Amino acid sequence: MKFISKLAMGMFIALNIVSCSKNDDSAPQYSGENRVYITAKGDKVLTLGEANQKIEAKFSLTTKVNADTAIHLKVVDAQGQTSDLVSLSANPIIIAKEAREATFTLTLKANASITEEQRLKVTFEPVTGLIAQEDLAIVVKPSAVVMNLTPAQRQLLNAYKAKGIDLYPFMGKVKVTGTIFSPAGGNAEPFVKEFTREINGSTLITLSALATSDSPVLKMTDNPMGLTEFWLFLLRKNTVEDTEFFPASPVAKAIMPLINWNKDSKETFGVTLDNIKIGSPTNGVSQIEFIHKTKDLYDDLTDMVPFQFTYSAYDRFKKLVDEGNPIAIENNGQAGGPNPIYYLNTTNILSDKYEKGAWKASTGSINFTEKKMSFEFLISHEYGGDYIIVKIEYIAQ
């Protein structure tokens, strides 16, 4: 009996040693069934509009497989429906013979588009002998721009999208490319000879306050049509950088020293463009109405693309007018002052004022399938001898 008792005690101790040894192992332990753990390290969030994002994931089993095994992964939403937001680097993944894990990567699809945060789950199609123990939960978030839209703006954008007008891809910072062609025949250098400039930048676009449930309207709040730097170039060439005509103006002679405005003064300059109306789509393409009657320096209405300009030199001048400065009041609203609208965007573009060959009809359209917004239009300036032709294209990411 003593021998049997000692033998039983020895077996009990041995079993406890084995049990403790297993409990010390932090890896998932095999318990008679081959259980599946899908895991990932670090942040398990993908955000639209952010570059170089990925989630490195691992598919692990509690015991090795005795043959190469193909595992078909799937990404599902909260309702269990397959999600089309995420791409897998490999599917199926292969667990090699005598192995118990494989790795894969999750990235956002190029055409992913959402307006609300989505919680997804990475799991797998049933395989005989494998039991799901832990699926991988990930979060897909809209772009920061979409997240910052007001509830009212989102409501409008969702209503437009239901009608085939998906403007979400054009919200926020959108890449713009194009060309500017300035014909010969201007009144001063460098406009005497023709030249071409490339546009390569970005524009901030949002939903306009003019938008209604029936009328989608966009506003470009920064670098509209990629032209801010070119408008400033035109303004300076028409004013403080001109050494021939502008300094001879009596108004300029009075105002420039009054507000310390010259080619070396440090100024800020900004441009916006509102009232970009998107029409109903035909075969996935909408025409854009963006030419409107706009007041010029003399409050006359002129058909043009209604760029709005801000200029620090003009702000200083207006302040003096408001304060009752007699020199500012005497020269207010006249050629030679710092108001940009005297020099920029000065001519009707629906008919040919110059009649020198540059005029053409302005057009704008948006292709929702290709996520492309295109414009071709005319601008003008005081020293120009004909219309400047602008061709630009926005391609949403």
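Residues numbered from 1 in each chain as written. Predicted model: local features only at pLDDT ≥ 70, side-chain atom pairs only at ≥ 80, totals over all residues. Heavy atoms only, no water.

1. Focus on the overall build of the chain
And step 1. Check the secondary structure of the chain and you find 7 helices and 22 strands.
And step 2. Expected size for 397 residues packed as a compact globule is a radius of gyration near 21 Å; at 33 Å, the chain overshoots this value by more than 25%.
And step 3. Considered along the principal axes of its C-alpha atoms, the chain spans approximately 125 × 45 × 40 Å.
And step 4. Counting across all 397 residues of the chain, residues that qualify as buried make up 44%. (Helix = DSSP H or I, 4+ residues; strand = E, 2+ residues; numbered from the N terminus. Rg over C-alpha atoms; globule rule 2.2 N^0.38 Å. Buried < 20%, exposed > 50% of the residue type's maximum accessible area, 1.4 Å probe, protein only.)

2. Quick word on the sheet that holds strand β11 (residues 136–141)
And step 1. The strand order across the open sheet built from 4 strands is β2-β11-β9-β5, with neighbouring strands paired in mixed fashion. Single-partner strands in this sheet number two, and they are β2 (45–47) and β5 (73–76). Adjacent strand axes in the sheet meet at a mean angle of 25 degrees, parallel and antiparallel pairs treated alike.
And step 2. Judged from the 3 bridges that link them, β2 and β11 form a sheet pairing that is parallel. Bridge assignment links Val-45 to a residue of β11, and that residue is Val-139. (Pairing = 2+ DSSP bridges. Axes fitted to C-alpha atoms, helices over the stretch in contact; angles between N-to-C directions.)

3. Some details on the packing of aromatic side chains
And step 1. Counting across every chain of the model gives 18 aromatic pairs.
And step 2. Ring geometry for Phe-195 against Phe-233: centres 6.3 Å apart, planes inclined by 90 degrees, an arrangement best described as edge-to-face. With a gap of 38 residues between them, Phe-195 in strand β13 (residues 195–207) and Phe-233 in helix α4 (residues 228–238) connect regions that are remote in the sequence.
And step 3. Assessed through its relative accessible area of 17%, Phe-233 is described here as buried.
And step 4. By the ring-pair criterion, three or more aromatic residues cluster together here, those being Trp-231, Phe-246, Trp-261, Phe-269, Phe-290, Phe-307, Phe-309, Tyr-311, Tyr-342, Tyr-343, Phe-375 and Phe-377. (Phe/Tyr/Trp six-rings, centres within 6.5 Å; stacked < 30°, edge-to-face > 60°.)

4. Regarding the environment of Leu-48
And step 1. With respect to the helices and strands, Leu-48 occurs in the loop between β2 and β3 (55–61).
And step 2. Here Leu-48 falls in the buried class, since its relative accessible area comes to 13%.
And step 3. The sequence separation of Leu-48 and Lys-318 amounts to 270 residues, and the corresponding C-alpha distance is 43 Å.

5. Points about the sheet that holds strand β8 (residues 101–108)
Strand pairing in a sheet takes place through backbone hydrogen bonds and is either antiparallel or parallel in direction.
And step 1. Pairing is mixed in the open sheet, where 5 strands are placed in the order β6-β8-β3-β1-β10. Pairing within the sheet leaves two strands with one partner each, and these edge strands are β6 (86–88) and β10 (130–134). Going across the sheet, the axis of each strand differs from the next one's by a mean of 30 degrees, ignoring polarity.

6. Here's the deal with the confidence of the model for the chain
And step 1. Averaged over every residue, the pLDDT of the chain is 89; the share at 70 or more is 92%.
And step 2. Counted against residues more than four places away or in other chains, residues 1–31, with its pLDDT under 50, gives 8 contacts. (pLDDT = per-residue confidence, 0-100. Contact = heavy atoms within 4.5 Å.)

7. Observations regarding the nonpolar core
And step 1. Met-225, Phe-307, Phe-375 and Phe-377 are the most contacted members of the largest nonpolar core, which has 77 residues in total.
And step 2. If we ignore the near neighbours within four places in the chain, the residues touching Met-225 are Val-176, Ile-199, Thr-203, Met-220, Leu-273, Phe-290, Phe-307, Phe-375, Phe-377, Ile-392 and Tyr-394. (Core = buried A, V, L, I, M, F, W, Y, C linked by side-chain atoms within 4.5 Å.)

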